[in-house]
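Spelled out from the first residue to the last, the chains are:
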Amino acid sequence: MSMYVEKVLDDVKLKNSGEPEFFQAVDEVLSALKPVVEKNGDYEKFAILERMVEPERLIIFRIPWVDDSGKIRINRGYRVQFSSLIGPYKGGLRFHPSVNQSIIKFLGFEQVFKNALTGLPIGGGKGGSDFDPKGKSDAEVMRFCQSFMTELQRHIGQDVDVPAGDIGVGAREIGYLFGQYKRIKDAYEGGVLTGKSVAYGGSLARTEATGYGLIYFMREMLKSNGGNSFEGKTVTISGSGNVAIYACQKAQELGAKVVAMSDSNGCIYDKYGIELNDIKRIKEVERGRIKNYLINHKEAVYTEATAENPFPIWSIKTDIALPCATQNEISLDAAKLLVQNGVTAVGEGANMPTSMEAIEYFLANNVLFAPAKAANAGGVATSAIEMSQNSMRFYYTFEEVDRKLENIMKNIFKSCKDAADRYELGNNYAAGANIAAFTKLAEAMIAQGVV
Ligand code: NDP
């Protein structure tokens, strides 16, 4: 038991009361670092942990906008600039009614470690708003994005802070945000936002990158543990947004049978395998509910999410489970159900979708576990590739980006495995990811002095 880790955790709890998600993320990382911190007194001497848990800056702002009926609406905006140790702050924007300071800080904290794992020169940040794009017209979304950027533009820049998408922020929102930024700055800073459409500086394969990257990471993990693969495996994937859709596409390409997907209202089960084109039409074109899948697939079954059972998808029997919706969707109870039903591997596409108790349960029951900060890092890695294309004023082909992504995911897996091996942690890649990222960040922090 490291006294230093315990002391910092106590302090974080005290100083950030009312921020349970942030504490959960810090607890998960710091607990994994105990063996590392115990071996090297410099980390305490240089106050590395204290500095890592304190964001460099947190910006909170008002976003006034006018809805289609002429009513004035007010939302709250956030940007946490967590760490610029190894590059400009980098991380997505989330528009969802659940967004608050705790959620933005947990996401920003995780992002710092994730970005370090990519091996690319990007620091960590995150932002968003409690605005709900669901049910809003395009014009309302545009007015909101313009108002959001009117404040955010003071704090970002292609060498300062580079936001991207996350839940509720896709190509449409990034377009409106970029347009307003360009208009205010009167300059074409292509690299100030990533996830742009290819028509004006986006990278090919960015849309696919997080989902594809998750599957590339899982493929490495399966291969390294008994030479397994996706071929012939049953897979369930929560969510039906950007990450879930492209994870499904790549898993199907590799021969898996994806039998279930979900949205915040419920989940669908199709024993013949999900017809992904129908999901894409419903979610990407019609912006509808996943239940509509049943219109063309009478044999599929729909289960409504309830307050008691908000994620019914985890009751479905599967070989591989990929949580790709939101934080804390796999509770200990859900983990027990998955194990009882024979799950062999779990891969986090979403950020912190698995509770700490559930992760421990999976590891104790020999379920391979791919942690978010490693497994879903393909999105931000490809964002960094988008930034470098913008700087070079040049485009890579889809195949070139995809190949780079595949290599990055292989390297991330290797870093996690090497760190786990070094500390004799078996296949605990969650701890391996935390240790590998921490070691790199701590080295940079010591080198840069007390800042
Ligand atoms: P999208 O907005 O495209 O999709 C989110 C999906 O998750 C939707 O199907 C949504 O359902 C569902 N969902 C969201 N919140 C909840 C909730 N509280 N309960 C149940 N279902 C919910 O987002 P992304 O696919 O981009 O992001 C998904 C996850 O992946 C997030 O955790 C994000 O942080 C993480 N991530 C995303 C990256 C990216 O590149 N996009 C990169 C790395 C991580 P509904 O349609 O009903 O809202």
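Structural data are supplied above this passage.
All figures in this text were calculated on a predicted structure; none of them were measured in a lab. (Residues numbered from 1 in each chain as written. Predicted model: local features only at pLDDT ≥ 70, side-chain atom pairs only at ≥ 80, totals over all residues. Heavy atoms only, no water.)

S.K.: Just checking my understanding: could you explain the overall build of the protein chain for this structure?
M.R.: Looking only at helices and strands, one finds 18 helices and twelve strands in the protein chain. Based on the C-alpha atoms only, the size of the protein chain along its principal axes is roughly 60 × 55 × 45 Å. Looking at the protein chain as a whole, 57% of its 451 residues are labelled buried. In the protein chain, the proportion of contacts linking residues at least 24 apart, taken out of those at least 6 apart, comes to 71%. Put simply, the protein chain shows about 18,200 Å² of open surface, and 50% of that area lies on carbon and sulfur atoms. Side chains of the protein chain give 52 positive and 55 negative charges; the mean places of these two sets differ by 3 Å. (Helix = DSSP H or I, 4+ residues; strand = E, 2+ residues; numbered from the N terminus. Buried < 20%, exposed > 50% of the residue type's maximum accessible area, 1.4 Å probe, protein only. Contact = heavy atoms within 4.5 Å. Areas by Shrake-Rupley, 256 points an atom, 1.4 Å probe, with all protein chains shown as cover. Lys, Arg positive; Asp, Glu negative; His and termini not counted. Charge placed at Lys NZ, Arg CZ, Asp CG, Glu CD.)

S.K.: Explanation requested: the sheet that holds strand S6 (residues 234-238) in the structure shown.
M.R.: Strand pairs in the sheet, formed through backbone hydrogen bonds, run parallel or antiparallel to each other. Read across the open sheet, the seven strands follow the order S9-S8-S7-S6-S10-S11-S12; overall the sheet is mixed. Where the open sheet ends on each side, the last strands, each with one partner, are strand S9 (301-304) and strand S12 (368-370). Taking each pair of neighbouring strands and ignoring which way they run, the sheet shows an average axis angle of 15°. One ladder, built from three bridges, connects S6 with strand S7 (residues 257-263); its direction is parallel. The partner of Val 235 across the bridge, within S7, is Val 258. Strands S6 and S7 of the sheet are contacted by helix H10 (residues 242-253), whose axis makes an angle of about 175° with S7. (Pairing = 2+ DSSP bridges. Axes fitted to C-alpha atoms, helices over the stretch in contact; angles between N-to-C directions.)

S.K.: Looking at this structure, how should I read the pairing of strand S2 (residues 72-83)?
M.R.: Along any regular strand, the residues point their side chains to alternate faces of the sheet. As defined by bridge partners, strand S1 (residues 57-66) adjoins S2 across ten bridges and the pair is classed as antiparallel. Each bridged residue has a counterpart across the sheet, and for Ile 63 the counterpart in S2 is Asn 75. Counting the residues between successive antiparallel strands, the hairpin from S1 to S2 contains five residues, one of them, Gly 70, with a positive phi of roughly 95°.

S.K.: Would you explain the environment of Gly 127 in this entry?
M.R.: By secondary structure assignment, the location of Gly 127 is in strand S4 (residues 124-129). Residue classification places Gly 127 among the buried residues on the basis of a relative accessible area of 0%. Spatially, the C-alpha atom of Gly 127 lies 8.6 Å from that of Gln 81, the residues being 46 residues apart in sequence. Ignoring any residue separated from it by four or fewer positions in sequence, one finds Gly 127 in contact with Tyr 78, Arg 79, Gly 92, Leu 93, Arg 94 and Ile 104.

S.K.: I'm lost on the site of the ligand in this one. Help?
M.R.: The ligand sits among 26 residues. The nearest are Asp 166, Thr 210, Ser 264, Arg 289 and Asn 351. Ser 240 is positioned such that a nitrogen or oxygen atom in its backbone is 2.9 Å from an oxygen atom of the ligand. In isolation the ligand offers 890 Å² of accessible surface; the protein chains occlude 85% of this area. Of all the elements in the fold, those that place two or more residues in the shell around the ligand are helix H9 (206-224), H10 and S7. Here the residues of the shell around the ligand sort into six nonpolar, 13 polar and seven charged. (Near = heavy atom within 4 Å. Polar contact = N/O pair within 3.5 Å; in protein donor to acceptor, adjacent residues only side chain to side chain. Nonpolar A, V, L, I, M, F, W, Y, C, P; charged D, E, K, R; others polar.)

S.K.: What exactly am I supposed to notice about the sheet that holds strand S3 (residues 89-95) here?
M.R.: Judged by pairing direction, the sheet is mixed, and its five strands sit side by side in the order S1-S2-S4-S3-S5 without closing on themselves. Because the sheet does not close on itself, it has two edges, and the strands there are S1 and strand S5 (161-164). On average, each strand axis in the sheet is tilted by 20° relative to the strand beside it, whichever way the strands run.

S.K.: What's the story with the pattern of salt bridges in this structure? I'm lost.
M.R.: Opposite charge on two side chains allows them to pair when their charged atoms are near. With the rule as written, the count across this model stands at 24 salt bridges. In this structure, Glu 386 and Lys 196 form a salt bridge, with 2.8 Å as the shortest nitrogen-oxygen distance. In this pair, Glu 386 sits in helix H16 (residues 378-392) while Lys 196 sits in the loop between helix H8 (171-185) and H9, placing the two residues 190 residues apart along the sequence. For the pair Glu 386 and Lys 196, one class covers both residues: buried. (Salt bridge = Lys/Arg side-chain N within 4 Å of Asp/Glu carboxyl O.)

S.K.: Got a minute to help me understand the side chain of Asn 390 in this structure?
M.R.: The topology assignment puts Asn 390 in helix H16. Within the structure, the side chain of Asn 390 is placed 2.9 Å from the backbone oxygen of Gly 201, a separation counted as a polar contact. Setting aside residues up to four positions removed in sequence, Asn 390 forms contacts with Gly 190, Gly 191, Lys 196 and Gly 201.

S.K.: I'm lost on helix H7 (residues 138-152) in this one. Help?
M.R.: With 15 residues, H7 ought to run about 21 Å at 1.5 Å a step, and its terminal C-alpha atoms sit 21 Å apart, in line with that. Lining the buried residues of H7 we find S1, S2, S3, S4, S5 and H8. (Expected span 1.5 Å × (residues − 1).)

S.K.: Just to check I follow, could you spell out the packing of aromatic side chains for this structure?
M.R.: For any pair of aromatic rings, the description rests on two quantities: the centre-to-centre distance and the angle between the ring planes. Taken as a whole and assessed by the stated rule, the structure comprises 20 aromatic pairs. Ring geometry for Tyr 43 against Phe 438: centres 4.9 Å apart, planes inclined by 70°, an arrangement best described as edge-to-face. Linking Tyr 43 in helix H4 (residues 42-45) with Phe 438 in helix H18 (residues 429-447), this pair joins segments that are 395 residues apart in sequence. Exposure class is identical for Tyr 43 and Phe 438. Each is buried. (Phe/Tyr/Trp six-rings, centres within 6.5 Å; stacked < 30°, edge-to-face > 60°.)

S.K.: I would appreciate a short explanation of the packing of H9 against H10 in the present structure.
M.R.: Helix-helix packing: each pair is described by the crossing angle between the helix axes and the interaxial distance. Two numbers describe how H9 lies on H10: the axes approach to 7 Å, and their chain directions differ by 50°. In terms of orientation, H9 and H10 fall into the oblique class. Handedness of the crossing formed by H9 with H10: right-handed. For the pair H9 and H10, the contacting residues are Thr 207, Glu 208, Thr 210, Gly 211, Tyr 212, Leu 214, Ile 215 and Tyr 216 in the first and Asn 242, Val 243, Tyr 246, Ala 247, Gln 249, Lys 250, Ala 251 and Glu 253 in the second. Looking at the contact of H9 with H10 residue by residue, the class counts come to eight nonpolar, five polar and three charged. (Parallel < 35°, antiparallel > 145°, perpendicular 65-115°, else oblique. Left-handed = near helix turned anticlockwise from the far one by under 90°.)

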